[in-house]
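Residue-level structure breakdown
Here is how the chains run, residue by residue.
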Amino acid sequence: MELIESPLQDLKKEVSTGTTIIAVQYQDGVIIGADSRTSSGSYAVNRVTDKLTPVHDYIYCLRSGSAADTQIIASYVSYYLNMFSIEEGCLPTVKKAAHMFREFCYQNKQYLLASIIVAGWDEENGGCVYNVPLGGSIIKQPFAIGGSGSSYLYGYCDIHFKENMTEEEAISFVSKGITEAIARDGSSGGICRIATINKDGVKRRTIYGNELQKFWEK
Amino acid sequence: MQPKKKTLRPIVTGSSVLGIKYKDGVILASDTLGSYGSLARFRDIRRIVPITKHTVIGGTGEFSDFQEITKILRQKIIENQELVESGKEEDELLPSEIHSYLSRVLYGRRNKFNPLWNDVVVAGFEKGKVHMGTVDLWGSYFEDDIIATGYGTYFALPLMRKAYKKDMERDKALEVLRDCLTVLFYRDCRTINRYVFAEITKEGVNITEPVEIETKWEIADWQEGKL
């Protein structure tokens, strides 16, 4: 296998969201963040991807793994969540959404390459973050990181994470993390998309490539 | 489309579960780590869970399959409850019945080449005595007074066998478990120093919050003639 493959070979590879995704519980809800690169081998198929996918009004999922697999799962979960919430007449809890993702990922584990973080706000529990990694386990965490770029963030997160951060602190935590992962991970890149989810709804923002903070670069 | 491939490899895994009987009941112990290959990814999971008021299960191996086993068993308890309430069944499922049922489930899955990739410890109190045993991904059923899964079979079992006495005191049982967990922390690369203990007596189940155990590193200074 050649080290530098011809561009045509890249397009035959499965499209993956080689990615960095982070979700953090803060005082009033959750902050979620992701990079914007979708890669096919070493070709960046989409450099402005939106990996922050809403499945309901106050619940988002962060997708990593196969782009196709995660998109269709999110689509199904969104469909069922909307249907159930209309039938039940109330907003779904993040737990319900997460367990639905788990059901899809676990029962079809042979066919799927999907590692998903489910984060959002509900009235009962406030901000919640659930991790549904490869294999279909479901694990609730105060913060979760995923995707190929997350390897470079375990140290950063362990040192800098605090519970009950303010919105500003949490956004700084997430954006710096994404920035650093983009710097080190070839499969992550582009812009940093961030969303705040709390009782007031979802507020999205973007930090463009050239605006990302510069850390030690040499 | 590719043909169905079963017998997948485990992804998020849990290491050893230990269990020891004592005078008034039984104690299980495990760490709270879910490993992702060599990465210590999920450091606050529960690999020992209650199933009924008198039974707990502990799981080694693929964590998603252990969560599924927990679901399957709890569903079985609910079904049984309905039978109890309508008078068709006598009482809540016993630990030995749960253990037996689980062994049939796991054996059935193994026969279809689609195992639940776990080594499960089932422990509980029934009819004034303790029941404890394991079932593994092959469907092998096994009962004993001292139990260990994963690396624990190699490191902990010999230590537990030496220290075990029928109707031993609670403190001694805890001491043995703590020693074994410490050895496992020293020697098993897929563990962390954060443990949960589950005690079952005739009163019921009590699962502790995670605790740390002291480790000794003095031997680091005993080397002479270091290069």
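Keep in mind that what you see is a predicted model, and the values were worked out from it rather than measured.

1. Observations regarding the overall build of chain B
Each helix and strand in chain B was counted, giving four helices and 13 strands. Computed over the C-alpha atoms, the radius of gyration of chain B is 19 Å, within 12% of the 17 Å expected from 2.2 N^0.38 for a compact globule of 227 residues. Overall size of chain B, expressed as C-alpha extent along the three principal axes, is 75 × 55 × 25 Å. Sequence separation of 24 or more characterises 61% of the internal contacts of chain B that already satisfy a separation of 6 or more. When the accessible surface of chain B is totalled, it reaches about 12500 Å², and 51% of it is carbon and sulfur. Within chain B, the 34 negative side-chain charges are centred at a point lying 6 Å from the centre of the 34 positive side-chain charges.

2. Topic: the packing of helix α3 (residues 94-107) of chain A against helix α1 (residues 63-85) of chain B
As a packed pair, α3(A) and α1(B) sit with axes 11 Å apart at the nearest point and diverge in direction by 110 degrees. Taken together, the axes of α3(A) and α1(B) are roughly perpendicular relative to one another. The crossing of α3(A) and α1(B) is left-handed. Contacts between α3(A) and α1(B) involve R102(A), E103(A), Y106(A) and Q107(A) from the first element and S64(B), D65(B), Q67(B), E68(B) and K71(B) from the second. Within the contact of α3(A) with α1(B), the residues separate by chemical class into one nonpolar, three polar and five charged.

3. A short note on the confidence of the model for chain A
Scored by pLDDT, chain A has a mean of 91; 92% of the residues are at 70 or more. Of all helices and strands in chain A, the one with the weakest mean pLDDT is strand β1 (residues 16-17) of chain A (62), whereas strand β10 (residues 139-141) of chain A scores best (98).

4. What to know about the pairing of strand β8 (residues 114-122) of chain A
All names here are of chain A. Among the nine residues that make up β8, nine are buried, leaving the element largely enclosed by the rest of the structure. The sheet contact formed by strand β7 (residues 59-66) and β8 spans seven bridges and is antiparallel. Looking across to β8, one finds that I59 is bridged to G120. Where β8 lies against strand β9 (residues 126-132), seven bridges are found, and the strand directions are antiparallel. Bridge pairing in β9 places I116 opposite V132. Here β8 folds back onto β9, and the loop between the two strands holds three residues.

5. Focus on the sheet that holds strand β11 (residues 143-146) of chain A
Residues and elements named next belong to chain A. The sheet built from five strands is open, its strands ordered β11-β2-β3-β12-β13 with antiparallel pairing. Looking at the sheet topology across the chains shown, the edges are occupied by β11 and β13 (201-207). Adjacent strand axes in the sheet meet at a mean angle of 15 degrees when their direction is disregarded.

The rules behind these values
Residues numbered from 1 in each chain as written. Chains lettered and ligands numbered in written order. Predicted model: local features only at pLDDT ≥ 70, side-chain atom pairs only at ≥ 80, totals over all residues. Heavy atoms only, no water. Helix = DSSP H or I, 4+ residues; strand = E, 2+ residues; numbered from the N terminus. Rg over C-alpha atoms; globule rule 2.2 N^0.38 Å. Contact = heavy atoms within 4.5 Å. Areas by Shrake-Rupley, 256 points an atom, 1.4 Å probe, with all protein chains shown as cover. Lys, Arg positive; Asp, Glu negative; His and termini not counted. Charge placed at Lys NZ, Arg CZ, Asp CG, Glu CD. Axes fitted to C-alpha atoms, helices over the stretch in contact; angles between N-to-C directions. Parallel < 35°, antiparallel > 145°, perpendicular 65-115°, else oblique. Left-handed = near helix turned anticlockwise from the far one by under 90°. Nonpolar A, V, L, I, M, F, W, Y, C, P; charged D, E, K, R; others polar. pLDDT = per-residue confidence, 0-100. Buried < 20%, exposed > 50% of the residue type's maximum accessible area, 1.4 Å probe, protein only. Pairing = 2+ DSSP bridges.

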